Amino acid sequence: SLFELGQAEYYVGEVHVKRGEIDEAQWHWYRYGVLTRRLVNADPYNPTYVMELAYTLMNIGAVEQQKLLPDFAASLERINQAVQFNRIALGLDPDNALYQRELTTMLEWKADAHGGLCELGEALEVRQQTVERRRDLLRSAPDDPNDRQDLAFTLNGLANVQGAIGLTGVARTSLREAVDILRSLSDAKPDDVRRAWEALYRETRLARLIAVDGDAARATEIILNHAPRIEELATAASR
């Protein structure tokens, strides 16, 4: 079927991405898009097909940002189209939590495209929207570890833009909340090395922001306090 052919093109493209072959991946995803567009044309009120088209456009736009010389304008155009079709899919299936999460992820890529174009005001606005969306999703399941981690990563993205604009104080607040969430998740699973790294990495970034704000002594204290744990995790990872 057209759907299965489109899925095959998607997975071939994904293999190329893992190999770093971005142009080849985009070519397969363009084919994936052509096939999916035929599905949507034949059944325009099918939210699954509409969402597949959103995924296609999202993948093409996102992978553009991974090129050595990314075209952020082209990326933004494709991601905007993806967002539009995602919203259509939600209009057809408004209670679909997956579509809500995917829309938030697409908006995060949209913010990154704005950032790549040095449109920091637009990037900040979209990043603020994504944080609010993550908070809304978390309200329905406040203890869900995946939603909590997603909120932490989204707060980290917001802090990046805030810091780039020079809003160091609010960037620290955003990153502090992200660190607290990630540390809590790490404490709940102390043997999970990846979670420990996620928390520590952002803690060191927070220390840099504190240093930028003029408190070098506090920043140094944070780094030195975490140095033994960083060394421990690095040793474990090298085994």
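Criteria and thresholds
Residues numbered from 1 in each chain as written. Predicted model: local features only at pLDDT ≥ 70, side-chain atom pairs only at ≥ 80, totals over all residues. Heavy atoms only, no water. pLDDT = per-residue confidence, 0-100. Helix = DSSP H or I, 4+ residues; strand = E, 2+ residues; numbered from the N terminus. Salt bridge = Lys/Arg side-chain N within 4 Å of Asp/Glu carboxyl O. Buried < 20%, exposed > 50% of the residue type's maximum accessible area, 1.4 Å probe, protein only. Core = buried A, V, L, I, M, F, W, Y, C linked by side-chain atoms within 4.5 Å. Contact = heavy atoms within 4.5 Å.

## Thoughts on the confidence of the model for the protein chain
Thinking step 1. The predicted model of the protein chain has a mean per-residue pLDDT of 91, with 98% of residues at 70 or higher.
Thinking step 2. Summarising per-element confidence for the protein chain, the mean pLDDT is lowest in helix 10 (residues 216-238) (76) and highest in helix 4 (residues 72-92) (98).

## Details of the pattern of salt bridges
Thinking step 1. Evaluated as defined, the whole model comprises 19 salt bridges.
Thinking step 2. Residue Arg78 pairs with Glu77 through a salt bridge whose shortest N-O separation is 3.9 Å.
Thinking step 3. Given the relative accessible area of 23%, Arg78 is considered partly exposed.
Thinking step 4. In this structure, Arg135 engages Glu132 in a salt bridge whose closest nitrogen and oxygen atoms are separated by 4.0 Å. Residue Arg135 and its partner Glu132 are located together in helix 6 (residues 120-139), separated by 3 residues, close to a single helical turn.
Thinking step 5. Here Glu132 falls in the partly exposed class, since its relative accessible area comes to 42%.
Thinking step 6. Linked through salt bridges whose partners overlap, the residues forming this network are Arg176, Asp180, Arg183 and Glu203.

## Section: the nonpolar core
It is characteristic of soluble globular proteins that their nonpolar side chains tend to be buried jointly.
Thinking step 1. By size, the foremost hydrophobic cluster in this structure holds 27 residues, and its most contacted members are Trp29, Met51, Met58, Val83, Phe85 and Met106.
Thinking step 2. Elements represented by at least two residues in this core include exactly helix 2 (22-42), helix 3 (47-64), helix 4 and helix 5 (97-116).
Thinking step 3. Every residue in contact with Met106, bar those within four places of it in the chain, is listed here: Met51, Ala54, Tyr55, Met58, Ile79, Ala82, Val83 and Asn86.
Thinking step 4. With 24 residues, the next largest nonpolar core counts Leu138, Ala152, Ala171 and Ile181 among its residues.

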